[in-house]
Amino acid sequence: MHLTTVYRALIALTEAGVVHAVHGPGPTRYGLTGEPHHHTFCQQCGQVTAIANEHLTETVRRLAELTGLQPDSAGSLLAYGRCEGCSA
Ligand SMILES: [Zn+2]
Ligand SMILES: [Zn+2]
């Protein structure tokens, strides 16, 4: 498959809500949309991990309180750092 075709397919799937884009540093990654979740991103190896929204409801509430920012319903927090493997 041509890369442009893959890209267009991803955009279409993202719009359909089947996959979602994770905009970290470097190339955009795509994940399957299951339960709404947030992401962590390892700045060293680029590993993306999903965290179910229910674990961060308090954080989201505090964010909204402090900044007025309302993450979208699919979960839109992105935390940067180093993964377990890279910080060992
Ligand atoms: Zn995801
Ligand atoms: Zn890592």
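Preceding block: the structure.
Computed from a predicted model, the values in this text were never measured in an experiment.

Colleague: For this particular structure, what's the right way to read the sheet that holds strand S3 (residues 37-42)?
Modeller: The strands that make up a sheet pair up through hydrogen bonds in the backbone, lying either parallel or antiparallel. Spatially, the three strands line up as an open sheet ordered S4-S3-S5, and their pairing is mixed. Bordering the open sheet on either side are strand S4 (48-52) and strand S5 (78-81), each of which pairs with just one other strand. On average, adjacent strands in this sheet sit at an angle of 25° to one another, irrespective of strand direction. Across five bridges, S3 lies against S4 in antiparallel orientation. Within S4, the position partnered with histidine 37 by the bridge is alanine 52.

Colleague: Any chance you could explain the environment of glutamate 54 here in plain terms?
Modeller: If you trace the backbone, glutamate 54 turns up in the loop between S4 and helix H2 (57-67). Separated by 35 residues in the primary sequence, glutamate 54 and valine 19 have C-alpha atoms spaced 20 Å apart.

Colleague: What exactly am I supposed to notice about the environment of glycine 31 here?
Modeller: With respect to the helices, strands and loops of the structure, glycine 31 is situated in strand S2 (residues 29-32). Other than its neighbours up to four places away in sequence, glycine 31 contacts Val19, His20, Val22, Val48 and Ala50.

The rules behind these values
- Residues numbered from 1 in each chain as written.
- Chains lettered and ligands numbered in written order.
- Predicted model: local features only at pLDDT ≥ 70, side-chain atom pairs only at ≥ 80, totals over all residues.
- Pairing = 2+ DSSP bridges.
- Helix = DSSP H or I, 4+ residues; strand = E, 2+ residues; numbered from the N terminus.
- Axes fitted to C-alpha atoms, helices over the stretch in contact; angles between N-to-C directions.
- Contact = placed C-beta atoms within 7 Å.

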